[in-house]
Amino acid sequence: MLEPRILKKTYMNISGSITNYESHSLLKTFFRLMNQQETNESFEFLKSIQVGSSETLCFLTKMKTNEMKKFENRKKKNLINKKMTIQTEKTIQQESKWNDWFAGLTDGDGCFYINKRENSVSFEVTTHLTDSRVVYDIKNHLKAGTVKVRSNAQAIRYRVKQKTVILDIVSRLNGKLHNPARLQQFSSICTLLNVELKPTPPLLNKKSAYLAGLIDSDGRITISVFNSSAENSQKSGIHGRLMRLVNSKAHNQITLNVTSIYKENIDLLKDSYGFGNVYEERPTKKAKSLKIKYHWVLRSNEDFTCVYDLIKTYPLKSVKMHRLRLSVLYFKYKLLKYHLASPETVEFKVWTKFCKSWFKYSF
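Residues numbered from 1 in each chain as written. Predicted model: local features only at pLDDT ≥ 70, side-chain atom pairs only at ≥ 80, totals over all residues. Heavy atoms only, no water.

Draft legend 1. Focus on the overall build of the protein chain. Within the protein chain, the secondary structure is distributed over 14 helices and 8 strands. Among the 363 residues that make up the protein chain, the fraction classed as buried is 39%. Long-range pairs, those at least 24 residues apart, make up 66% of the contacts in the protein chain with a sequence separation of at least 6. With the model as given, the accessible surface of the protein chain reaches about 21,600 Å², and the carbon-plus-sulfur share is 53%. (Helix = DSSP H or I, 4+ residues; strand = E, 2+ residues; numbered from the N terminus. Buried < 20%, exposed > 50% of the residue type's maximum accessible area, 1.4 Å probe, protein only. Contact = heavy atoms within 4.5 Å. Areas by Shrake-Rupley, 256 points an atom, 1.4 Å probe, with all protein chains shown as cover.)

Okay, here's the thing in structure tokens:
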């Protein structure tokens, strides 16, 4: 760094010979460069020429122009680096959220298969036909696999067999699965592919998109009608369900239900999020399956508000998101008693429109 006394003396000499504002600005720029030790040769050059001469002003002007160019270039470079850093962090966060959602969906509708004869692995996700967006989202994100409609069923399936893609899927799901059946499959896959199995955390992170994936797969959002007229009870299909809901008055209840045959799966939701109720359903004598089913059930406005706040940061990809959004209107209209209004009123027409929207994706 140049000695302060030399800088001060030189500045006073030059400033005494230059009186206009622009010249003083040039001098300040020059001495700022000197303090930054940009170049000592420039200082020696300035001392060697006549103070106040045109050469001095020309030199200082050139110094300021070059400094401004350097400053603008540094500014642009820093701005580009900042934008790239922000974009990279955003991409990493989005990818992590997608992996969490993918884990929830896999726990519900996914499956790993090992072909012992070919010593190969395949991965599948099967959903209802109305949720084709879900399987196409997986295909587009992984950039591999096939999507086919299942014959004689209202279902659509995503399947992939390429080893590189299977390894990518294993990397995304490792340490994120909770379903005991899926964990057993996943453990066998990791052993076959020589991948270390990561431990699964005991509770879910509330900021995780796992719940969105699980509701997309194993969740159901319905409005049950407890009482209806004899006339409406005879009507079948979507039209019958619609008319029963429209005229149900106070005899209806909205429910979000996540079902599993593994009690630990349902307890995980209750323990992680702290709301909802857990119910046990024992099989009837006529039931096809003799396994006990466990349900995580939400019915109150408070519970739906909690789950909606969790989901809105990473929305569902299935048509169930349509009903989850409508749940906000359901509780609003119930509070305003639109469902109890007379058929000729505007309020009842609003309620009827809501009911029609509820069955938009039903068939």
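Draft legend 2. Representation of unusual backbone geometry in the model. Phi at Lys143 is positive, roughly 55 degrees, even though this residue is not glycine. The residue Lys143 is located in the loop between α5 (132–142) and β3 (146–149) in this model. By relative accessible area, which is 72% here, Lys143 ends up exposed. With a phi angle near 65 degrees, Lys337 is a residue other than glycine that sits in the positive phi range. On the accessibility criterion, Lys337 (51% relative accessible area) is exposed.

Draft legend 3. Looking closely at the packing of aromatic side chains. For the coordinates displayed, the defined rule picks out 16 aromatic pairs. On the basis of an interplanar angle of 50 degrees and a centroid distance of 5.8 Å, the ring pair of Trp98 and Trp101 is categorised as tilted. Of this pair, Trp98 and Trp101 are both found in helix α4 (residues 54–109), 3 residues apart, which corresponds to roughly one turn of the helix. The pair Trp98 / Trp101 is uniform in exposure class, with both members buried. Measuring from centroid to centroid gives 6.2 Å for Tyr273 and Phe275, while their planes differ by 40 degrees, and the two rings are tilted. Accessibility classification places Tyr273 together with Phe275 in one group, the buried group. (Phe/Tyr/Trp six-rings, centres within 6.5 Å; stacked < 30°, edge-to-face > 60°.)

Draft legend 4. The arrangement of the side chain of Asp131 in detail. Here Asp131 lies in the loop between β2 (120–128) and α5. One buried charged residue, Asp131, forms no salt bridge at all, with the nearest opposite charge on Lys320 at 4.9 Å. (Lys, Arg positive; Asp, Glu negative; His and termini not counted. Salt bridge = Lys/Arg side-chain N within 4 Å of Asp/Glu carboxyl O.)

Draft legend 5. Inspection of the sheet that holds strand β4 (residues 155–160) at higher detail. One open sheet holds the 4 strands; their spatial order is β1-β2-β4-β3, and the pairing between them is antiparallel. At either end of the open sheet lies a strand with only one pairing partner, and these are β1 (110–115) and β3. Taken pair by pair, the neighbouring strands of this sheet meet at an average axis angle of 25 degrees, ignoring direction. Bridge count between β1 and β2: 6 bridges; the pairing is antiparallel. Across the sheet, residue Gly110 finds its bridge partner in β2, namely Val125. Against the sheet, helix α6 (residues 163–173) touches β1, β2 and β4, its axis set at about 65 degrees to β2. Docked against the sheet, helix α7 (residues 180–193) engages β1 and β2, running at close to 40 degrees with respect to β1. (Pairing = 2+ DSSP bridges. Axes fitted to C-alpha atoms, helices over the stretch in contact; angles between N-to-C directions.)

Draft legend 6. Representation of the side chain of Arg172. Mapped onto the fold, Arg172 is located in helix α6. Side chain to side chain, Arg172 and Asn99 meet in a polar contact 2.8 Å long. Not counting residues within four places of it along the chain, the set of residues in contact with Arg172 comprises Glu95, Trp98, Asn99, His141 and Leu142. (Polar contact = N/O pair within 3.5 Å; in protein donor to acceptor, adjacent residues only side chain to side chain.)

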